[in-house]
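Listed below are the residues making up each chain.
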Amino acid sequence: MNACCETPAFEPPQAPRSGGLSTVVLIGPPNSGKSTLFNRLTGLRQKVANYPGVTVEQRMGLMSGVGRDDLTLIDLPGVYSLTPYSEDARVSVDVLKGKMPGTPKPDAVLLVLDSLHLTRQLMLAAPVLALGLPTLILLNMSDVMESRGGKIDTLKLAKELGAPVAQISAVHGSGLDAVPLFLNQCALPPAAKKAEQLLTLPVLGNAASTHRWAAQVSRRTGYKAPLSAENSRKLDSILLHRIWGPLLFLAVVIGVFEVVFSIGQPLSDGFGDVLAKMGALVRPLLPAGWLQSLVIDGAWKGISSVLVFLPQILLLFLFIGILEDSGYLARAALIADRVMRTTGLNGKAFIPLLSAYACAVPAIMATRTIENKRDRFATILVTPFMTCSARLPVYMLLIAAFIPAKTFLHGFLGLQTIVMLGLYLAGFVAAMTTAWLLKSSILKSSEAPFILELPQYRMPTLRSLGMRLVDRAKVFMRQAGTVILSVTLGLWLLAHIPPVPGPGGHYTAPELADSVIGKMGHFIEPAIAPLGFNWKVGIGLISSVLAREVMVSTMGTLYGADPETQTMHLQNALHTDMTLGGAVALMIFFAFAMQCTSTMAVVRRETNSWKWPAVQFAWMLTLAWTGAFAVNHIITALFG
Amino acid sequence: MSVLTDLRIGETATLIALDLPDSVQNFLMHMGFVPDAQVTALRKAPAGDPTVYAIDGMEIALRRETAQSIRVRSNTETATGAVAAELSKIAANTRAEAQTEIHEFAGATR
């Protein structure tokens, strides 16, 4: 009865590994919980969420979560069948068949099926079992199935499929003992095998016959589907209601930003004070002179001016996490589909675009779920317009410095929130307009079908949310410790050369305006003066091409290096040095410009040409310059 | 004979065939859109399109163009003539209820 002990026929004879097992692969339909299980089995933190298509490329990890450091586990994008339909599914099929260069051929398969919809999910079992690899079938979310009155006879199912079957809950980590047990069995010599039962599989590749087979198997093995989730339907009747649906969607978005400001701002201010105190504590420990200036006024001021925004960014990610894990995101996609189709964008583009609110890089990779190449390229090209979290420090700094904290509607809606929402909206409108331009010209294609599976609502777990926040904080700190630190040190250096002879024959730092960096800033000033930017902002625009948040650290360093503004809070320093028009124009510039080398690199990789990132950079820069120019003049004319 | 878009919200029909390009058809069939499956129109998105259909215990949203190419047989299409139509209209509610109960029962015993 146990197919898992069978030595695969195509095992390369020249590689008799100890135990005969080294690579295990996770496969299953989309949103069946493979990545959650992957995290459990490896102890890693692969991104998970409650919508189909979160994983778009294979990930590998050692199975240390179950004490098997000797085994590599591969997590794959979800597939419905082994007939690849999109780019991400092709990856899964290639890895599974051992055709993926650079990825080891799997020796055993863990097939993850969602036990809530077993009949349909069993359709994937047919082609996977036909591969002839030792396979363990894991029926995930079995706790939910049982609590809703579903039933399944795992022994009968195992007999029917000729492969071991176990019920698990990846979220709660129950039933996972079956995995090491299965792996041990696989390592046994073939002699220990029991007599194989003949497995009748349907004609492969024919969906109708596969479905009939799956239905028969589930009937014969006494599968009782759980009652459909009444709660999900009830929730949907409100959240997808004609009037309440869009209103609640809007309320959710506004609410998130209100909280990010009203609770996040004091947190960030407090955190900023702590960081400043830490700098003040270290200052006397360093000898007065260039070292003190480099460490405290240069590096620490630069880094802490960005780090300050950590609490607000974590708050935002907490909300994004709740929305993603609960299953609301797929509903939002449904609500927004009308807008998407007006622009000609593929309906599937919505989820990558939404995830671009965190970061454009994974979002661009998530476009692999879009089958049509032109649709996919159009989505890739507009994704960087979505307001990623790296813009947040820039917006927050400028908003806190220039926009008064007025409130409307009895304090429920703040002017600062409105400006922030306006910036998000500006990015969204730019994305949609660009998409429309692309889709009605160079990337025209016939309309692709929109097929979206609505997952059932789930309560987000604290574990999953906590893991997201820890990961996010790590990414943010790493960025601060690498890119931002090096740019800051470079800037400090350029701000202090060439040394000028001072009194008593000592060489001292030049006036900031006479330093190398000051000369560079003044050189580009004519190009940006019409936007209301001074030369310091110009330096920031150049350095932030590396990453947007570098803008803030650059400002921190430059104003920190300038004796006039050295003692000031960065907000106040900016306030004395810029007009309102220039500040708003700067935000608009950041809303549109492509200030991120990581994004350009990923666009090049995904489109396999330098042409697209170049076009994208030029278009976004044009829009940014024009937008900032217009805004600067309008604001200056209105508020003078 | 009608298509999926003809279904009123709450109405259930039996799927006959899909008239779609092979790749899309194959994909939909793996999501449960196979002949003889029972499809219920669950709700429309706030903008009126796409529509969410319940099939095989799953909820799947389809745009109008796709749903138009899926042929179904309405489960209430048996009655003919004006009187019968009038009668079936009266009976529609009861029948729809009974239908869902039967399907739930069938689903439960399957």
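Enquirer: Describe the overall build of chain B, and please don't skip the residues or the numbers.
Expert: Helix and strand counts for chain B stand at 3 helices and 6 strands. If you list the helices and strands of chain B from N to C, you get β-β-α-β-β-β-α-β-α. Counting the 110 residues in chain B, one finds 51% classified as buried. By element, 55% of the accessible surface of chain B is carried by carbon and sulfur atoms, the whole surface being about 5300 Å².

Enquirer: Would you mind going over the nonpolar core in detail, with residue names and values included?
Expert: A general trend in soluble globular proteins is that nonpolar side chains are found buried together. Residues and elements named next belong to chain A. Leu345, Met420, Phe533, Leu574 and Leu586 are the most contacted members of the largest nonpolar core, which totals 128 residues. Discounting residues that sit within four places of it in the chain, Leu574 has contacts with Leu397, Leu398, Phe402, Met555 and Tyr559. Listed in part, the 40 residues of the second largest apolar core include Val93, Leu113, Leu116 and Leu129.

Enquirer: Pulling in residues and values, what's your account of empty space enclosed by the protein?
Expert: Scanning the model with the defined rule gives 3 cavities of 30 Å³ or more in all. A volume near 70 Å³ is recorded for the largest cavity. As for the largest cavity, its lining consists of His117, Ser228, Ala229, Ser232, Arg233, Leu454, Pro455 and Gln456 of chain A together with Gly57, Met58 and Glu59 of chain B. Taken as a whole, the second largest cavity encloses approximately 40 Å³ of empty space. What lines the second largest cavity is Pro29, Tyr80, Arg120, Gln121 and Leu124 of chain A together with His30 of chain B. Looking at side-chain class alone, the lining of the second largest cavity contains 3 nonpolar, 2 polar and 1 charged residues.

Enquirer: Just give me the short version of the packing of helix H16 (residues 373-382) of chain A against helix H18 (residues 415-439) of chain A, but keep the residues and values in it.
Expert: All names here are of chain A. Here H16 crosses H18 at 145 degrees, and the two axes come no closer than 9 Å. At the point where H16 passes H18, the crossing takes the right-handed sense. Across from Arg374, Asp375, Ala378, Leu381 and Val382 in H16, the residues of H18 making contact are Ala431, Thr434, Ala435, Leu438 and Lys439.

Enquirer: I'd like a description of the interface of chain B and chain A, backed by residues and values.
Expert: Each partner contributes residues to the interface: chain B has 33 residues there, and chain A has 39 residues. When chain B packs against chain A, the two sides together hide about 3400 Å² of surface, and 60% of this comes from carbon and sulfur. For the interface between chain B and chain A, the tally reads 8 residue pairs in polar contact (both at pLDDT 80 or more). At the level of elements, helix H1 (22-30), strand S3 (38-44), strand S4 (51-55), strand S5 (58-62), helix H2 (64-68) and helix H3 (81-109) of chain B are the ones that each hand at least two residues to the side of chain B that touches chain A. Examining the composition of the side of chain B that touches chain A, we find that 7 residues originate from one element, H1 of chain B, more than from any other. Two strands pair when backbone bridges link them, and strand S9 (residues 451-454) of chain A and S5 of chain B are joined in this way by 4 bridges, in the antiparallel orientation. Bridged to Glu453 of chain A within S5 of chain B is Ile60 of chain B.

Enquirer: Report on helix H24 (residues 580-592) of chain A, specifying residues and quantitative values.
Expert: All names here are of chain A. For H24, spanning 13 residues, the distance from its first C-alpha to its last is 19 Å, which sits close to the expected 18 Å at 1.5 Å a residue. All buried positions along H24 are accounted for by Gly581, Gly582, Ala583, Val584, Ala585, Leu586, Met587, Ile588, Phe589, Phe590, Ala591 and Phe592. Looking at the packing, one finds that the buried side of H24 touches helix H17 (391-402), H18, helix H21 (535-543), helix H22 (550-561) and helix H26 (611-639).

Enquirer: Give a description of the sheet that holds strand S1 (residues 23-27) of chain A that names residues and reports values.
Expert: Residues and elements named next belong to chain A. Strand order across the open sheet formed by 6 strands is S2-S3-S1-S4-S5-S6, with mixed pairing between neighbours. Of all the strands in the sheet, the pair left with one neighbour each is strand S2 (59-63) and strand S6 (165-167). Each strand of the sheet is rotated relative to its neighbour by a mean of 25 degrees, with strand direction disregarded. Examined bridge by bridge, strand S5 (residues 135-140) and S6 share 3 bridges and lie parallel to one another. Bridge pairing in S6 links Ile137 to Val165. Together, S1, S2, strand S3 (68-75), strand S4 (108-114) and S5 form the strand contacts of helix H1 (residues 34-42), whose direction differs from that of S2 by roughly 35 degrees. Against the sheet, helix H3 (residues 118-130) makes contact with S1, S4 and S5, and its axis sits at roughly 165 degrees relative to S4, the strand it touches most.

Enquirer: Describe the confidence of the model for chain B, listing the residues and the values that go with them.
Expert: Per-residue confidence for chain B gives a mean pLDDT of 81; residues scoring 70 or more make up 79%. For chain B, per-element mean pLDDT is lowest for H3 of chain B, which scores 66, and highest for strand S2 (residues 12-18) of chain B, which scores 93.

Enquirer: Can you explain the pairing of S4 of chain B? Please cite residues and give values.
Expert: All names here are of chain B. In terms of residue burial, S4 counts as a mostly covered element, since 5 of its 5 residues are buried. Across 5 bridges, S3 lies against S4 in antiparallel orientation. Residue pairing in the sheet places Thr40 in a bridge with Ala54 of S4. The hairpin formed by S3 and S4 contains 6 residues between the paired strands, and Gly48 there has a positive phi angle of roughly 95 degrees. Sheet analysis places S4 next to S5, joined by 5 bridges and oriented antiparallel. Looking across to S5, one finds that Thr51 is bridged to Leu62. Taking the residues that link successive antiparallel strands as the turn, the S4-S5 hairpin has 2 residues, and the phi of Asp56 there is positive, at about 55 degrees.

Enquirer: Can you tell me about unusual backbone geometry, naming the residues and giving the values?
Expert: The peptide bond linking Ile497 of chain A to Pro498 of chain A adopts the cis configuration, its omega dihedral lying at -5 degrees. Mapped onto the secondary structure, Pro498 of chain A falls in the loop between helix H19 (462-496) and strand S10 (500-501). Asp49 of chain B connects to Pro50 of chain B through a cis peptide bond whose omega is -5 degrees. Turning to its location among the elements, Pro50 of chain B is positioned in the loop between S3 and S4. Phi is positive for Asn31 of chain A, close to 60 degrees, though the residue is something other than glycine. Residue placement: Asn31 of chain A occurs in the loop between S1 and H1. Even without a glycine there, the phi angle at Asp36 of chain B is positive, about 80 degrees. One can find Asp36 of chain B in the loop between H1 and S3.

Enquirer: Mind laying out the domain arrangement of chain A, listing which residues take part and the relevant values?
Expert: Residue and element names in this part refer to chain A. Segmenting chain A into domains produces domain 1 (3-220) and domain 2 (229-446 + 460-640). One C-alpha centre belongs to domain 1, the other to domain 2, and the line joining them spans 41 Å. Contact residues are listed per partner, giving 17 residues for domain 1 and 21 residues for domain 2. For the pair domain 1 and domain 2, the summed buried surface comes to about 1700 Å²; carbon and sulfur atoms form 56% of the total. In this assembly, domain 1 and domain 2 are joined by 0 salt bridges. One can count 0 residue pairs in polar contact (both at pLDDT 80 or more) joining domain 1 with domain 2. Sorting the residues of the side of domain 1 that touches domain 2 by element identifies H1 and helix H2 (87-96) as the ones contributing at least two each. For the side of domain 1 that touches domain 2, the per-class residue count stands at 6 nonpolar, 4 polar and 7 charged.

Enquirer: Please provide a residue-by-residue account of helix H11 (residues 290-307) of chain A, values included.
Expert: All names here are of chain A. The end-to-end C-alpha separation of H11 is 24 Å, in line with the 26 Å expected for 18 residues at 1.5 Å each. At Trp300, H11 shows its maximal kink, close to 35 degrees. For H11, a buried count of 13 out of 18 residues is recorded, marking the element as mostly surrounded by other parts of the structure.

Enquirer: Could you give an account of the packing of aromatic side chains, naming the residues involved and the relevant values?
Expert: All names here are of chain A. Under the defined criterion, the tally for this structure stands at 8 aromatic pairs over all chains. A centroid spacing of 5.8 Å and a plane angle of 75 degrees characterise the contact between Phe377 and Trp612, whose relative ring orientation is edge-to-face. With Phe377 in helix H16 and Trp612 in helix H26, this residue pair connects regions lying 235 residues apart in the sequence. Each member of the pair Phe377 and Trp612 is classed as buried. Ring plane angle 85 degrees and centroid distance 6.1 Å describe the contact between Phe533 and Phe589, whose orientation is recorded as edge-to-face. Taken together, the residues span a long stretch of sequence, with Phe533 in the loop between helix H20 (516-528) and H21 and Phe589 in helix H24 at a distance of 56 residues. Relative accessible area serves as the criterion here: at 3%, Phe533 is assigned to the buried category. Here Phe589 falls in the buried class, since its relative accessible area comes to 5%. Following the ring pairs from residue to residue traces out a cluster consisting of Phe257, Tyr357 and Tyr424. We note Arg331 situated over the ring of Tyr457; from NZ or CZ to the ring centre the distance is 4.0 Å.

Criteria and cut-off values
- By convention here, each chain's residues receive numbers from 1 onward along its written sequence.
- Going through the entries in the order they are written, you letter the chains from A and number the ligands from 1.
- Only residues with pLDDT of at least 70 are given local features in this predicted model, and only at 80 or more are side-chain atom pairs given and counted; all residues enter the totals for whole chains, interfaces and linings.
- Hydrogens are left out, water is left out, and the side-chain values use all remaining heavy atoms of the structure.
- Counting from the N terminus, the helices are the DSSP runs of H or I reaching at least four residues and the strands are the DSSP runs of E reaching at least two.
- Buried means the residue's accessible area, taken with a 1.4 Å probe over protein chains only, is under 20% of the maximum for its type, while exposed means over 50%, and partly exposed covers the values in between.
- Per-residue accessibility takes into account occlusion by the displayed protein chains alone, with areas from the Shrake-Rupley method and a 1.4 Å probe.
- Only buried residues count toward a nonpolar core, which is a set of Ala, Val, Leu, Ile, Met, Phe, Trp, Tyr and Cys residues joined through side-chain atoms within 4.5 Å.
- Every residue pair with non-hydrogen atoms within 4.5 Å of one another is taken to be in contact.
- Site definitions follow a grid-based scheme: protein atoms alone, a 1 Å grid, a 1.4 Å probe that fits but cannot get out for cavities, and for pockets an open set with protein on both sides within 12 Å along at least five of seven lines, plus lining residues having an atom within 4 Å of a point.
- Grid points are joined across faces, edges and corners, and a volume is the space filled by probe spheres set on the points.
- In this classification, Asp, Glu, Lys and Arg are treated as charged, Ala, Val, Leu, Ile, Met, Phe, Trp, Tyr, Cys and Pro as nonpolar, and every other residue, Gly included, as polar.
- Axis lines are fitted through C-alpha atoms, for helices just across the contact stretch, and the angle between N-to-C directions can take any value from 0 to 180 degrees.
- Here a crossing is called left-handed whenever its near helix is offset anticlockwise from the far helix by less than a right angle, and right-handed whenever the offset is clockwise.
- Buried area adds together the accessible area that both of two parts lose upon being put together, with accessible area traced by a 1.4 Å probe.
- For this analysis, a polar contact is any N or O atom pair within 3.5 Å, provided that within protein one partner can donate a hydrogen and the other can accept it, and provided that sequence-adjacent residues contribute only side-chain to side-chain pairs.
- Between any two strands, pairing holds if DSSP finds at least two bridges.
- A helix's residues, less one, multiplied by 1.5 Å, set its expected span.
- Residue-level confidence of the predictor is summarised by pLDDT, bounded by 0 at the bottom and 100 at the top.
- Domain ranges listed in this record stem from an automatic or a database domain assignment.
- Put simply, a salt bridge is a Lys or Arg side-chain nitrogen that is within 4 Å of an Asp or Glu carboxyl oxygen.
- Throughout, the bend at a residue refers to the angle made by two axes, fitted to the seven residues ending there and to the seven starting there.
- In summary, the pairing rule links any two rings of Phe, Tyr or Trp, Trp by its six-membered ring, whose centres are within 6.5 Å, and it sorts them by plane angle into stacked for under 30 degrees, edge-to-face for over 60 and tilted for everything else.
- A ring has a charge above it when a Lys NZ or an Arg CZ is no more than 6 Å from the ring centre and no more than 35 degrees off the ring normal.

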